[in-house]
Amino acid sequence: MYDNNNNYPQQYYTTDPNAVNNQYGNPYGGYNNGQPNGKPPKKKVSGALITFLLLGAMVIGGASGFGGSFLANRMNSTIVDDDMPNGGSDDEQQQPEETQEEVTQAPHVAPENPVNDDLSGLSNMAAMNTTTKYDYEHLYEAVNESIVLVNNYVKSEYSNDGEFTKSGVGSGVIFTTDGYIVTNEHVVRGAAKLTVIVEDKYSKDEEVEAVLIGQDQATDLAVLKIERKDPYTAVPLGNSDQLNIGQQVCAIGNPAGLRKTFTAGYISGLNRYTSEKGYVLSSIQTDAAINPGNSGGGLFDMYGNVIGIVNSKIVASDSSIENLGFAITINEAKPIISDLINYGYVKGRPVLGITTQQVTQYSGAAAGLLVVEIDQSAPVAKSELKVNDIIVEVNGEAVTAVEDVQDITKGMKAGDKITVKVVRPVKVSSGYFTQTSYEEHTFDIELTENH
């Protein structure tokens, strides 16, 4: 996604809970039309110290969450440690007005026939191509009509008559002839209205309002629906389990709002694990040029099959890193898309309902997961857990990353309880000085379902 002022989002990586002041627990800038933020002193953190840029609305650094949002890089389990630019709270970040209305998801209507995890129960899909291999020129001709531009509108704070202001643009991929579109959750997040522009043989630059079928912040996926009497061009969804490093690929999206931009390259890496909201994803790494606005667009193999949904890249504050783009594997996306169509959300995923940030030992604190936000509607709000606690153990096992918690809770369901050990900062006055010490506490927390 790309903001309406043609600004790249600011880069953030912070362990300062005061810098996390939005409803998702993300230290990010650039979404609210690129408003700047202050920068407090840096702190040492661990995780992906080169920020992942969600290609649009935000930059997310080390914030992890069992109910919040993060995108931390864990490349083949190798974690790099360094200082990163911090987002700050010296100046209040501009947030949407409290009266801001977000786009309401339509009352969910289950499909007549449930959609299977591999989407095989979904009608009007194009069959995967395994026979005709294209060159780049003919590949573009075959699939470009399925790439759409997604507009994210917010209510104008300067208008009293319900006017909308474009907040950003992203990309989407039509995967059924009756108008289902897959895109990134961060492309649609915070919108008061969503529209789509389709350019094909039936429509030229027509902007139509889209219905939000479902969104899942944990996997950064969302499904939209548009309708018309003529069929849409649907692209086939491929099999990302059959990919090889060195394989040619292309990305098609709307970087900086430049419609249907085609970039080509290779698969640079596979199984590049990223995680958001406590959910680990396997991503495809590519050297095809990826920029803000490519969010939600397709990564294609040379047969014209969608093998990934582009959602992030690595950026460095000194611009020393180039051509490290990432796409969510389509095989991991398919069951998420299925649940969003069937239920409007991902069913059965247990979460704690908190937002954390991965921290190393600093200021005398233990390494673990710093609690920066607690969902007051979740059972965890009734527990003894407090913001600024650092979770160091779950069910007797040490945790230093959100993946550790996911491993421990694998197979559990909503209503199950886990035992957490935390260290809690306590201010201790000594003469003219105030020091921070840490107390240990152990208690149970009930898991809840992620809606």
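About the cut-offs
- Residues numbered from 1 in each chain as written.
- Predicted model: local features only at pLDDT ≥ 70, side-chain atom pairs only at ≥ 80, totals over all residues.
- Heavy atoms only, no water.
- Helix = DSSP H or I, 4+ residues; strand = E, 2+ residues; numbered from the N terminus.
- Contact = heavy atoms within 4.5 Å.
- Areas by Shrake-Rupley, 256 points an atom, 1.4 Å probe, with all protein chains shown as cover.
- Core = buried A, V, L, I, M, F, W, Y, C linked by side-chain atoms within 4.5 Å.
- Buried < 20%, exposed > 50% of the residue type's maximum accessible area, 1.4 Å probe, protein only.
- pLDDT = per-residue confidence, 0-100.
- Pairing = 2+ DSSP bridges.
- Phe/Tyr/Trp six-rings, centres within 6.5 Å; stacked < 30°, edge-to-face > 60°.
- Lys NZ or Arg CZ within 6 Å of the ring centre and 35° of its normal.
- Salt bridge = Lys/Arg side-chain N within 4 Å of Asp/Glu carboxyl O.
- Polar contact = N/O pair within 3.5 Å; in protein donor to acceptor, adjacent residues only side chain to side chain.

Section: the overall build of the protein
- Tallying secondary structure elements over the protein gives four helices and 28 strands in all.
- Sequence separation of at least 24 residues holds for 71% of the intrachain contacts in the protein that already meet a minimum separation of 6.
- Here the protein displays about 19000 Å² of accessible surface, and carbon together with sulfur accounts for 44% of that area.

Brief notes about the nonpolar core
- Within the largest apolar cluster, 30 residues are counted, with the highest numbers of intra-cluster contacts made by Phe-175, Phe-300, Val-306, Ile-337 and Ile-341.
- Listed by contribution, the elements that provide at least two residues to this core are helix 1 (136-143), strand 10 (180-183), strand 14 (221-225), strand 15 (248-253), strand 19 (306-315) and helix 3 (330-343).
- In this structure Ile-341 touches His-108, Pro-111, Val-115, Leu-122, Phe-175, Tyr-180, Ile-213 and Val-223, once residues within four positions along its chain are discounted.
- Among the nonpolar cores identified, the runner-up in size contains 19 residues, and Leu-369, Leu-385, Val-394 and Ile-408 belong to it.

Some details on the environment of Gly-396
- Tracing the backbone through its elements, the reader meets Gly-396 in the loop between strand 24 (390-394) and strand 25 (397-398).
- For Gly-396, a relative accessible area of 58% corresponds to the exposed category.
- Note: C-alpha distance between Gly-396 and Ile-418 (22 residues apart in sequence) is 9.6 Å.

Description of the confidence of the model for the protein
- Averaged over every residue, the pLDDT of the protein is 75; the share at 70 or more is 72%.
- When the criterion is pLDDT under 50, residues 5-100 qualifies, and its contacts beyond four places in sequence or with other chains add up to 327 contacts.

Side note on the pairing of strand 23 (residues 368-374)
- Within strand 23, six of the seven residues are buried, leaving the element largely enclosed by the surrounding structure.
- Of the pairings in the sheet, the one linking strand 22 (residues 354-359) to strand 23 comprises six bridges and is antiparallel in character. Bridging from a neighbouring strand, Thr-355 pairs with Glu-373 of strand 23.
- Across two bridges, strand 23 lies against strand 24 in antiparallel orientation. When the sheet's bridge partners are listed, Leu-370 is paired in strand 24 with Ile-390.

Regarding the packing of aromatic side chains
- If you walk through the whole model with that rule in mind, you get four aromatic pairs.
- With a centroid separation of 5.9 Å and 80° between ring planes, the pair formed by Tyr-140 and Phe-262 is classed as edge-to-face. Remark: Phe-262 occurs in strand 16 (residues 261-276) and Tyr-140 occurs in helix 1; sequence separation between them is 122 residues.
- Judged by its relative accessible area of 25%, Tyr-140 falls in the partly exposed class.
- Classification of Phe-262 as partly exposed rests on a relative accessible area of 27%.
- Taking the centre distance of 6.5 Å and the plane angle of 50° together, the rings of Tyr-343 and Tyr-345 count as tilted.
- Following the ring pairs from residue to residue traces out a cluster consisting of Tyr-136, Tyr-140 and Phe-262.
- Here the guanidinium or amino end of Lys-193 rests over the ring plane of Tyr-153, the centre of that ring lying 5.0 Å away.

Thoughts on the pattern of salt bridges
- Under the criterion given, the structure shown has nine salt bridges.
- Between Arg-424 and Asp-389 there is a salt bridge whose closest N-O contact spans 2.7 Å. Of the two residues, Arg-424 sits in strand 26 (residues 417-430) while Asp-389 sits in the loop between strand 23 and strand 24, which places them 35 residues apart along the sequence. The same class applies to Arg-424 and to Asp-389, which are both buried.
- Between Lys-421 and Glu-440 there is a salt bridge, with the nearest N and O atoms lying 4.0 Å from each other. Separated by 19 residues along the polypeptide, Lys-421 in strand 26 and Glu-440 in strand 27 (residues 433-446) bring together distant segments of the chain.
- Sharing partners across several salt bridges, the network here consists of Glu-199, Asp-205 and Arg-259.

Let's talk about unusual backbone geometry
- Phi at Asp-205 is positive, roughly 60°, even though this residue is not glycine.
- Tracing the backbone through its elements, the reader meets Asp-205 in the loop between strand 11 (193-198) and strand 12 (206-209).
- The phi angle at Asn-388 is positive, at roughly 85°, despite the residue not being glycine.
- With respect to the helices and strands, Asn-388 occurs in the loop between strand 23 and strand 24.
- Taking the relative accessible area as the measure of exposure, Asn-388 reaches 32% and is therefore partly exposed.

Digging into the side chain of Asp-216
- With respect to the helices and strands, the residue Asp-216 is situated in strand 13 (residues 211-216).
- Judged by relative accessible area, which is 2%, Asp-216 ranks as buried.
- Among the polar contacts made by the side chain of Asp-216, one reaches the side chain of Thr-219 at a distance of 2.5 Å.

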